[in-house]
Amino acid sequence: MTIAISVQHLSKRYQIGAAETRFRYNMFRDVIVDTVTAPIRLAKTLAGRSERRTNRNFIWALDDVSFDLEESKVLGIIGRNGAGKSTLLKILSRVTEPTKGLVIVRGRVGSLLEVGTGFHPELTGRENIYMNGAILGMKRAEIDRKFDEIVDFAEIGPFVDTPVKRYSSGMYLRLAFAVAAHLEPEILIVDEVLAVGDAEFQKKCLGKMGEVAQQGRTVLFVSHNMSAILRLTQEAILLHKGKLILRGPTQEVVDHYLSSGQAQAGERLWEPEEIPASAAPFTPIRVAVCDRRGRVVDTVRSTEPFHIELEYRLEAPITGLRIGIYLSTIRGEYAFTSFDTDDPQLFESHEVRPAGHYLSRVQIPADLLNEGRYTIGVNASSFGIRRYFLDESALSFNVDISGAPGTQWSEPRVGAVRPRLNWTIEQIVSAPTR
Amino acid sequence: MKAHEPITVYIKPTHGLAALNLRDLWTYRELIYFMIWRDVKVKYKQTLLGMAWAVIQPVMTMLVFTFLFGRVAKLPSDGLPYPIFSFAALLPWGLFVTALNHGSRSLVAHQNMVTKIYFPRMILPLSSVLAGLVDFVIAFFILSGLMIYYDTLPAWHALWALPLFLALTLITALGVALWLSAINVKYRDVNQALPFLTQFWLFATPVAYSSSVISDPWQWIYALNPMAGVVNGFRWALLGAGSGPNPTLWISVAVSLLLLLSGLVYFRSTERTFADMI
């Protein structure tokens, strides 16, 4: 087997802080000082002796990462935000240079990081296909050959000669993906594009990716969507703070990732300036998503129950207070609404809630939610009297459906819920036997 | 089934002066073509007058110049009608300014391309500079009309001189644009400085006046501005003004090539940090 990608001791260092501090004016005095010293700064910079050189802050986005990937394999890359996934992809697609190390790539690299790059709103669909194709490195003859296929795939048929600024966002995205998906590189990099678009289109994209892999091309697939990673890859690597900490069969790596609490903290604390004065005497403190063992997690498994916790303070007693959550999908469809005093008995026992520090906690049962990202909205009100506080998108979290009903079929399912229901199959009339 | 044997790419940190790697530019030649085509196509979209702007802009400038400098200030025009005298200069000057402005802003203007995909970054300033040629061609036809009206014929040497001076314009514009676009990635001061730069440069170039007003000893220093050589060359080739190229032209050519070469080297050596800095 030939090696398609060989990554050797790859490191990437970013400088942080310096630029931001320099360009942030806090006071009028700073503006004046900055203006007066501008010529000196210019001279120093030109002479290559910037004072900033001494107090630089560095961050290693990638730290000594090494791995080989054989031709026609599909590799999943997982890790929380800031783990170095995007940096790795950017280096592989030659957008940015590594600070240390070497990558040997055999073949043309196409990446779906750049869906729609170079699209111009004033140009028509047809014109943008050619433009975008050229940006991605396709020859004109190649685009001519695939043009009809691209239009078909994007389902934009009658609008091909309409400027893309008149397209719906769905059409725009489909077209962008279609061009990139027809690039036919030897190595394909896919980054999270499947998170967008409707279910039907996602299905098509997954199909296209599977097809690409079957054609013997090498695929690198980055996603926060664990079930997509599980469906599409056999092998995965886990990055954490720039280091490669695990490589193995995808199931193993995903389990490690989900159980090691590395999944991004699913917690939100409200800063004092985020709370409107009208909320008083109610003060929200935090909302968090916790797994079965009480750990704060960003990704929950749909096959396990989990908790949503709301912590808040009352500066004065409130009559008839109810604290609740709205759960909605990332596309904005509400899944359900629930309040802590929904139960009539609880409502009666908490008719007046005295001042103090509270925690309202709710268990979300297993086998309720479908795969995807959900948003928690928080509401504190007294029915018919007053709404104290409302944050429509206080926190969001992922639901991973590995092992959920129906995952034996690799197709996304529509609907916000994915309950485990009791079906029976009865044969009412048996086929006549001889 | 693969159309070609896969190429092997080595991705590693580059140090010092990077090779110019112009072959890469050749591989991506179609992208240059598409970028120019897009610039031209989009430029006059959603405007009422459309392509007419390519005519209105130089003609209006010419009329203002003719009124202010020709009629009011009565600047000498080497005995030529002031409209064609100024238009022959505005032709390369307009190309230069457009090319310089678009070229210098090209990297920042196409940030999303720079941060998302690989391609030779030089394509951006290069195609922005070349896209100016379309307006140049339109302006050229207007000048032809004016010359017919004023009954002026270009000399035969225009056939070889014009392309040469045109090339000199593009080389100068590209050289400066390479420098400024690369600096602009890190220091957006370039955006602020550009209007001044083009304004001062206009004064240092014999667009509104004739270079014959510069006394001889100063001609050598004056020639450090390649655009002075270009404008004189255009007037000489089209209208027969002046005595034609003299040794000071070599200074202009040298400066222009120096700008291009240093620009290429600077651009290539900073290119690797574009995606991180922009």
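These lines cover the structure that appears in this document, whether it is placed above or below. Everything numeric in this text was worked out from a predicted model, so none of it was measured.

### Re the overall build of chain B
Here is step 1 of the chain: When helices and strands are counted, chain B shows twelve helices and one strand.
Here is step 2 of the chain: For chain B, the N- to C-terminal ordering of α and β elements is β-α-α-α-α-α-α-α-α-α-α-α-α.
Here is step 3 of the chain: Burial status across chain B gives 50% buried among its 278 residues.
Here is step 4 of the chain: In chain B, 82% of the contacts between residues at least 6 apart in sequence involve partners at least 24 apart.
Here is step 5 of the chain: Carbon together with sulfur atoms contributes 70% to the accessible area of chain B, which is approximately 13800 Å² in total.

### Concerning the interface of chain A and chain B
Here is step 1 of the chain: Listed as interface residues are 42 residues of chain A and, on the opposing side, 37 residues of chain B.
Here is step 2 of the chain: Buried area between chain A and chain B, both sides added, is near 3700 Å², and the carbon and sulfur share of it is 59%.
Here is step 3 of the chain: It is A:Arg94, A:Val95 and A:Glu97 in chain A that bury the most area against chain B; as a group they hold 17% of the surface buried on that side.
Here is step 4 of the chain: At the surface where chain A touches chain B, the tally comes to two salt bridges.

### Notes on the packing of helix α6 (residues 140-154) of chain A against helix α7 (residues 169-181) of chain A
Residues and elements named next belong to chain A.
Here is step 1 of the chain: Two elements in contact, α6 and α7, have axes separated by 8 Å at closest approach and are oriented at 140 degrees. Compared by their axis directions, α6 and α7 come out oblique. Judged by the sense of rotation from one axis to the other, the crossing of α6 with α7 is right-handed. For the pair formed by α6 and α7, the contact residues are Ile150, Phe153 and Ala154 on the first element and Arg174, Leu175, Phe177, Ala178 and Val179 on the second.

### Regarding the side chain of A:Asp391
Residue and element names in this part refer to chain A.
Here is step 1 of the chain: In this fold, aspartate 391 is placed in strand β20 (residues 386-400).
Here is step 2 of the chain: Of the residues examined, aspartate 391 reaches a relative accessible area of 14% and is grouped as buried.
Here is step 3 of the chain: Reaching out from aspartate 391, the side chain makes a polar contact with the side chain of tryptophan 270 at a distance of 3.0 Å.
Here is step 4 of the chain: Residues within four places of aspartate 391 in sequence aside, it is in contact with Arg268, Trp270, Ile376, Gly377 and Val378.

### So, the packing of aromatic side chains
Geometrically, a pair of aromatic rings is defined through the distance of the ring centres and the angle of the planes.
Here is step 1 of the chain: With the rule as written, the count across this model stands at 24 aromatic pairs over all chains.
Here is step 2 of the chain: Aromatic side chains B:Phe136 and B:Phe234 sit 6.2 Å apart centroid to centroid with 90 degrees between the ring planes, which places their arrangement in the edge-to-face category. With B:Phe136 in helix α6 (residues 123-149) and B:Phe234 in helix α10 (residues 226-239), this residue pair connects regions lying 98 residues apart in the sequence. As far as the burial class goes, B:Phe136 and B:Phe234 line up, both buried.
Here is step 3 of the chain: Taken together, the ring pairs in this structure connect A:Tyr130, A:Phe147, B:Tyr33, B:Phe34 and B:Trp37 into an aromatic cluster.
Here is step 4 of the chain: Taking the ring centre of A:Phe339 as reference, the NZ or CZ of A:Arg322 above it sits at 4.2 Å.
Here is step 5 of the chain: Over the ring of B:Trp26 we find B:Arg29; its NZ or CZ atom is 4.3 Å from the centre of that ring.

### Observations concerning the packing of helix α4 (residues 82-109) of chain B against helix α7 (residues 158-186) of chain B
The geometry of a pair of packed helices is captured by two quantities: the angle between their axes and the separation between those axes.
Residue and element names in this part refer to chain B.
Here is step 1 of the chain: Following both chains from N to C, one finds α4 and α7 inclined at 25 degrees, their axes separated by 7 Å at the closest point. Between α4 and α7, the interaxial angle falls into the category roughly parallel. When the axes of α4 and α7 are compared, the crossing they make is right-handed. Across the interface between the two elements, Pro92, Leu95, Phe96, Ala99, Leu100, Gly103, Ser104, Arg105, Ser106, Leu107 and Val108 of α4 pack against Leu166, Thr169, Leu170, Thr172, Ala173, Val176, Ala177, Leu180, Ser181, Ala182, Asn184 and Val185 of α7.
Here is step 2 of the chain: Residue composition of the contact of α4 with α7, by class: 15 nonpolar, seven polar and one charged.

### A closer look at the sheet that holds strand β13 (residues 306-314) of chain A
By definition, the strands of a sheet pair up through backbone hydrogen bonds, in either a parallel or an antiparallel sense.
Residue and element names in this part refer to chain A.
Here is step 1 of the chain: Strand order in the open sheet formed by four strands is β10-β11-β13-β18, with antiparallel pairing between adjacent strands. Of all strands in the sheet, those with a lone pairing partner are β10 (267-269) and β18 (356-364), marking the two edges. For this sheet, the mean inter-axis angle between neighbouring strands, taken without regard to orientation, is 15 degrees.
Here is step 2 of the chain: Sheet topology note: the β13/β18 ladder contains nine bridges and is antiparallel.

### Some thoughts on helix α5 (residues 125-135) of chain A
Here is step 1 of the chain: Among the eleven residues of α5(A), ten are classified as buried, and the element is accordingly described as predominantly covered.
Here is step 2 of the chain: Within α5(A), burial applies to A:Gly125, A:Glu127, A:Asn128, A:Ile129, A:Tyr130, A:Met131, A:Asn132, A:Gly133, A:Ala134 and A:Ile135.
Here is step 3 of the chain: At its buried positions, α5(A) is contacted by α6 and α7 of chain A together with α2 (29-43) and α5 (111-116) of chain B.
Here is step 4 of the chain: Immediately downstream of α5(A), the backbone of A:Gly137 shows phi near 95 degrees, a positive value.

### Overview of unusual backbone geometry
Here is step 1 of the chain: Cis geometry is adopted by the peptide bond preceding A:Pro281, which originates at A:Ala280 and carries an omega value of 5 degrees.
Here is step 2 of the chain: A positive phi angle is found at A:His9, which is not glycine, with a value near 50 degrees.
Here is step 3 of the chain: Within the fold, A:His9 resides in strand β1 (residues 3-16).
Here is step 4 of the chain: Of note in this structure, B:Asp151 is not a glycine but carries a positive phi near 60 degrees.
Here is step 5 of the chain: Among the secondary structure elements, B:Asp151 is positioned in the loop between α6 and α7.
Here is step 6 of the chain: When its relative accessible area of 71% is taken as the criterion, B:Asp151 is described as exposed.

### Notes on the sheet that holds strand β9 (residues 243-249) of chain A
All names here are of chain A.
Here is step 1 of the chain: Read from one edge to the other, the open sheet built from six strands follows the order β5-β6-β7-β3-β8-β9, with strand pairing classed as mixed. At either margin of the open sheet sits one strand with a lone partner, and together these are β5 (109-111) and β9. Within this sheet the neighbouring strands show an average axis-to-axis angle of 20 degrees, counted without direction.
Here is step 2 of the chain: Bridge analysis of strand β8 (residues 235-240) against β9 gives six bridges, and the strand direction is antiparallel. Residue glutamate 235 lies in a different strand from β9, and its bridge partner there is proline 249.
Here is step 3 of the chain: Packed on one face of the sheet, helix α4 (residues 85-92) meets β3 (74-78), β5, β6 (187-191), β7 (218-222) and β8 and runs near 140 degrees to β3.

Calculation notes
Residues numbered from 1 in each chain as written. Chains lettered and ligands numbered in written order. Predicted model: local features only at pLDDT ≥ 70, side-chain atom pairs only at ≥ 80, totals over all residues. Heavy atoms only, no water. Helix = DSSP H or I, 4+ residues; strand = E, 2+ residues; numbered from the N terminus. Buried < 20%, exposed > 50% of the residue type's maximum accessible area, 1.4 Å probe, protein only. Contact = heavy atoms within 4.5 Å. Areas by Shrake-Rupley, 256 points an atom, 1.4 Å probe, with all protein chains shown as cover. Buried area = accessible area lost by both parts, 1.4 Å probe. Salt bridge = Lys/Arg side-chain N within 4 Å of Asp/Glu carboxyl O. Axes fitted to C-alpha atoms, helices over the stretch in contact; angles between N-to-C directions. Parallel < 35°, antiparallel > 145°, perpendicular 65-115°, else oblique. Left-handed = near helix turned anticlockwise from the far one by under 90°. Polar contact = N/O pair within 3.5 Å; in protein donor to acceptor, adjacent residues only side chain to side chain. Phe/Tyr/Trp six-rings, centres within 6.5 Å; stacked < 30°, edge-to-face > 60°. Lys NZ or Arg CZ within 6 Å of the ring centre and 35° of its normal. Nonpolar A, V, L, I, M, F, W, Y, C, P; charged D, E, K, R; others polar. Pairing = 2+ DSSP bridges.

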